[in-house]
Amino acid sequence: MHERLYVGCQGWRYADWRAESPDGQLPLASPFYPPTLNAAQELAHYSRTFDLVEVDSTFYAIPQVKVVRNWGAQTPETFRFTLKLPRTLTHEYRLRRGRATLEEFCHCARVLETRLAAILIQLPPSFGFDEFSVLERFLPHLPTDLPFAIEFRDSAWLVDQTFQLLKTHRVALTLGDTPWIATEIALPLLDKLPTDWLYLRFMGPKSGEIEHFTHRQLDRESVLSVWAEALACFDSIRQVYALFDNHLEGFSPGSATLFKRKLGQIERPFPRDQPPPVQQLGLNL
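Presented here is a report on the structure given in the accompanying data block. (Residues numbered from 1 in each chain as written. Predicted model: local features only at pLDDT ≥ 70, side-chain atom pairs only at ≥ 80, totals over all residues. Heavy atoms only, no water.)

**Comments concerning the layout of surface pockets**
Reported here for the largest pocket is a volume of approximately 640 Å³. The wall of the largest pocket is formed by 32 residues, among which Gln 10, Gly 11, Tyr 14, Asp 56 and Ser 57 lie closest to the centre. Classifying every residue of the lining of the largest pocket gives 14 nonpolar, 10 polar and eight charged. The wall of the second largest pocket is formed by 16 residues, among which Pro 143, Thr 144, Leu 146, His 169 and Arg 170 lie closest to the centre. Split into classes, the residues belonging to the lining of the second largest pocket amount to nine nonpolar, four polar and three charged. (1 Å grid on protein atoms, 1.4 Å probe; cavity = no way out; pocket = protein on both sides within 12 Å on 5 of 7 lines; lining within 4 Å. Points joined across faces, edges and corners; volume = space filled by probe spheres on them. Nonpolar A, V, L, I, M, F, W, Y, C, P; charged D, E, K, R; others polar.)

Structure, rendered in structure tokens:
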């Protein structure tokens, strides 16, 4: 399983990832980046530690094609991106319209080619099961050449009728541990996945006690252990993308690294602890 499981963070640009942890000695703590690193180089350095990232900015606006192309140019061929479907579609239009917006977004997503792991359809908590017919009408409009996953924030959706609809349209189910769907609800659903790949999100409440994302401040290690053990038992899952936010424990690079450790994956040092990338020198002959 560890070769089929990508682990990363929800975003790569946070000011607190450059700040010192409280005592400067905590393991799996900030600074994540070298203090003098140019902000434009953060993604390239992030990709030396993790092989996956969730791009949160696409939730707020469709990026320009040249921006998406630049993301790919900064990262290795083995690196993968997940993109969040714009909230215009999910939260404003509530999947009832926006075909042109969907087409424009998918055009940008295709620029990543094989580096695109998934497009996340993040539904608001207010999108209840009574809107099943809306989702039923929306899914056939998704292009079949792109991988989509959907996140429900209402547990009423987690029934066989939903799973059959997702299976029909080859849309993956998003599980994990979040303030809306906890591990004890999500974990049994591994036996009912509508696709042979899985999107995992590990998130904490934004209204919690964490003020700065400088180090692991909450202990959610038991949750990570449960998921690591469960995934080891599911050989039928072809691919897993696991993504962590800062609110889960206070520092997503620390949480993601701890999860990799529990999965038996190779841990890579944070960019601050790695030597500078080797520069290719041209020969002026």
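After that view of the structure, there is still more to cover.
**Here we look at the environment of Gln 217**
Mapped onto the secondary structure, Gln 217 falls in the loop between strand 7 (197-202) and helix 8 (221-231). Owing to a relative accessible area of 32%, Gln 217 belongs among the partly exposed residues under this scheme. It is 9.5 Å that separates the C-alpha atoms of Gln 217 and His 247, two residues lying 30 residues apart in sequence. Look past the residues within four positions of Gln 217 in its chain and what remains in contact with it is Ile 210, His 212, Glu 249 and Gly 250. (Helix = DSSP H or I, 4+ residues; strand = E, 2+ residues; numbered from the N terminus. Buried < 20%, exposed > 50% of the residue type's maximum accessible area, 1.4 Å probe, protein only. Contact = heavy atoms within 4.5 Å.)

**Details of the side chain of Thr 49**
Position of Thr 49 relative to the elements: it lies in the loop between helix 1 (42-46) and strand 2 (52-55). On the accessibility criterion, Thr 49 (1% relative accessible area) is buried. One polar contact links the side chain of Thr 49 to the main-chain carbonyl oxygen of Pro 269, over a distance of 2.7 Å. (Polar contact = N/O pair within 3.5 Å; in protein donor to acceptor, adjacent residues only side chain to side chain.)

**Focus: the sheet that holds strand 5 (residues 148-151)**
Spatially, 1-2-3-4-5-6-7-8 is the arrangement adopted by the eight strands of the closed barrel, whose pairing is parallel. Taking the axes of each pair of neighbouring strands and ignoring which way they run, one obtains an average angle of 30 degrees across the sheet. In terms of strand pairing, strand 1 (residues 5-10) meets strand 2 through three bridges, oriented parallel. Each residue of the ladder has a partner; that of Cys 9, found in strand 2, is Val 53. (Pairing = 2+ DSSP bridges. Axes fitted to C-alpha atoms, helices over the stretch in contact; angles between N-to-C directions.)

**Describing empty space enclosed by the protein**
Applying the stated rule across the entire model yields one cavity of 30 Å³ or more. Taken as a whole, the largest cavity encloses approximately 80 Å³ of empty space. Lining the largest cavity we find Glu 151, Phe 152, Leu 158, Thr 174, Leu 175, Gly 176, Asp 177, Thr 178 and Ile 181. The leading source of residues in the lining of the largest cavity is strand 6 (residues 172-177), at four residues. In terms of residue class, the lining of the largest cavity is built from four nonpolar, three polar and two charged.

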